[in-house]
Amino acid sequence: MAEGSFNNWVSGIAALLGLVSTGAASYGAWQAELAKQKAGDAQLAAEAAGRAFEEMQYRDKQQFELYGKIEGLLKEASDGSLVLAATYVALVGDPRAKAVWCAAVLNYAHIRETALTPAERNAVLYAKECLSDAAEQRAEPVAVAAAKIVAGAAAVAAAPTVTASATAARWPDKKIVSQGKALGYDIDVFACESGGAASSARAQQLAERLALQSSQTGKIAHADLGRVRLRWLSADQEASGGYPVGRNQVQADDDRSEERIAEALALLAGEATGQSFSAGRSASGTDFYLSVFACAP
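For clarity, every value in this text was computed on a predicted model and none was experimentally measured. (Residues numbered from 1 in each chain as written. Predicted model: local features only at pLDDT ≥ 70, side-chain atom pairs only at ≥ 80, totals over all residues. Heavy atoms only, no water.)

Let's talk about the confidence of the model for the chain
Per-residue confidence for the chain gives a mean pLDDT of 75, with 67% of residues at or over 70. Averaged over each element, pLDDT in the chain is lowest for helix H6 (residues 164-168) (40) and highest for helix H7 (residues 196-216) (93). Low pLDDT, under 50, characterises residues 141-168; the stretch is placed with 14 contacts to residues that sit more than four places away or in other chains. (pLDDT = per-residue confidence, 0-100. Helix = DSSP H or I, 4+ residues; strand = E, 2+ residues; numbered from the N terminus. Contact = heavy atoms within 4.5 Å.)

A word on H7
For H7, built from 21 residues, the straight-helix expectation of 30 Å at 1.5 Å per residue is met to within 8% by its first-to-last C-alpha distance of 31 Å. All of the buried residues along H7 are Gly196, Ser199, Ser200, Arg202, Ala203, Leu206, Ala207, Leu210, Ala211, Gln213 and Ser214. (Expected span 1.5 Å × (residues − 1). Buried < 20%, exposed > 50% of the residue type's maximum accessible area, 1.4 Å probe, protein only.)

Focus on empty space enclosed by the protein
As enumerated under the stated definition, the model contains 2 cavities of 30 Å³ or more in all. Lining the largest cavity we find Leu106, Lys128, Ser132, Asp186, Arg227, Thr286, Asp287, Phe288 and Tyr289. The residue makeup of the lining of the largest cavity, split by class, is 3 nonpolar, 2 polar and 4 charged. Here the second largest cavity is characterised by a volume of approximately 40 Å³. Elements represented by at least two residues in the lining of the second largest cavity include exactly strand S5 (248-252) and strand S7 (289-294). The greatest single-element share of the lining of the second largest cavity, amounting to 3 residues, is contributed by S7. Here the lining of the second largest cavity is composed, by residue class, of 3 nonpolar, 5 polar and 2 charged. (1 Å grid on protein atoms, 1.4 Å probe; cavity = no way out; pocket = protein on both sides within 12 Å on 5 of 7 lines; lining within 4 Å. Points joined across faces, edges and corners; volume = space filled by probe spheres on them. Nonpolar A, V, L, I, M, F, W, Y, C, P; charged D, E, K, R; others polar.)

Regarding the pairing of strand S2 (residues 185-192)
When a strand is regular, its side chains alternate between the sheet's two faces. Across the 8 residues of S2, 8 count as buried, placing the element largely inside the fold. Burial along S2 is two-sided: Tyr185, Ile187, Val189 and Ala191 and Asp186, Asp188, Phe190 and Cys192, pointing in opposite directions, are all buried. Two strands pair when backbone bridges link them, and S2 and strand S4 (residues 223-233) are joined in this way by 7 bridges, in the parallel orientation. Within S4, the residue paired with Phe190 across the bridge is Arg231. (Pairing = 2+ DSSP bridges.)

A word on the state of the cysteines
Here the structure, examined in full by the defined rule, presents 2 disulfides. Here Cys102 pairs with Cys130 through a disulfide, and the sulfurs are 2.1 Å apart. Around the S-S axis, the bridge from Cys102 to Cys130 shows a dihedral of about 95 degrees and counts as right-handed. With Cys102 in helix H4 (residues 95-111) and Cys130 in helix H5 (residues 118-152), this residue pair connects regions lying 28 residues apart in the sequence. Of the two residues, Cys102 and Cys130, both sit in the buried class. The side chain of Cys192 participates in a disulfide bridge whose partner is Cys295; the two sulfur atoms lie 1.9 Å from each other. Between Cys192 and Cys295, the S-S dihedral sits near -45 degrees, and the bridge is therefore left-handed. Of this pair, Cys192 sits in strand S2 while Cys295 sits in the segment after S7, placing them 103 residues apart in sequence. (Disulfide = S-S within 2.5 Å.)

So, unusual backbone geometry
In this structure, Ala221 takes a positive phi of about 55 degrees despite not being glycine. With respect to the secondary-structure elements, Ala221 resides in the loop between strand S3 (219-220) and S4. Residue His222 is not a glycine yet carries a positive backbone phi of 65 degrees. Its place among the elements puts His222 in the loop between S3 and S4.

A closer look at the packing of helix H3 (residues 81-89) against H4
Helix-helix packing: each pair is described by the crossing angle between the helix axes and the interaxial distance. Orientation of H3 relative to H4, taken along the N-to-C sense of each, is 170 degrees, at an axis distance of 10 Å. The orientation of H3 relative to H4 falls into the category roughly antiparallel. Listed contacts from H4 to Ser81, Leu82 and Val89 of H3 are Lys98, Trp101, Cys102, Val105, Tyr108 and Ala109. When grouped by side-chain class, the residues that make up the contact of H3 with H4 number 7 nonpolar, 1 polar and 1 charged. (Axes fitted to C-alpha atoms, helices over the stretch in contact; angles between N-to-C directions. Parallel < 35°, antiparallel > 145°, perpendicular 65-115°, else oblique.)

Thoughts on the pattern of salt bridges
For the structure on display, the rule yields 14 salt bridges. Among the ionic pairs, Asp94 bridges to Arg96, the shortest N-O distance being 3.8 Å. Residue Asp94 is classed as partly exposed on the basis of its relative accessible area, which comes to 31%. As a salt-bridge pair, Glu129 and Arg229 come within 3.6 Å of each other at their nearest N and O atoms. One end of the pair, Glu129, is in helix H5; the other, Arg229, is in strand S4, and 100 residues separate them in sequence. Connected through salt bridges with shared partners, the residues Lys128, Glu129, Asp186, Asp188, Arg227, Arg229 and Arg231 form a single ionic network. (Salt bridge = Lys/Arg side-chain N within 4 Å of Asp/Glu carboxyl O.)

If you want it as structure tokens, here you go:
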């Protein structure tokens, strides 16, 4: 709400209070007291709204000042500016704004790739994790809505059956298999609940093959390999949309560099698991990140 509009609203409340007070005199004592009480409640509500508006303006001002500090630090070439910028990014309240600044930190780091200190590389890891979390948060509302539809559908009985062995094969989500290079392309390998134990075994095989690749050459399709993680995709998540249901697929953004990596990754996955993988398009829009789904049964 703009400040002018807010002030007009408060003025309207004040005028209304005046009318209530005047009209109250024409009623009995009980009605007058009730009207006075209502007017007092309205006054308190207006004052509380005023304080809330001032606090909101103060918080917005703080955030804009924070944005200015981050921008200034990213323009510097001095040691430590990248680490300090990432520290300030952690204080950004708006998730969408935070994702933008994390991307800026990451892009700045790529410009200074050969001169990064260990502390700056840790800042890069934070920025990459921030972008990954932002992508998952964008997908979450759709997944939740779809899960509710699936839960309420009459065809629940047709959902994939998960065996006890598949559940037993599950590992903690986001299990790091290889750290790789800070500025490399991160890869998440998903095992799918719908694919059962075979999917878990296939994802494990590929993750281990990528870890070996990381230790031997550190590259895939002439690009640096970053962190490799094992992930878990539940049947509800898979049914929510955006995932290659029942298929083995590597997903990359609409970017020629990522497409080349996806093609090489699909070949590597086939060699590691003995099954074919296709290259597909990701809708997450996450830089320097690819996902692999071993969802075939």
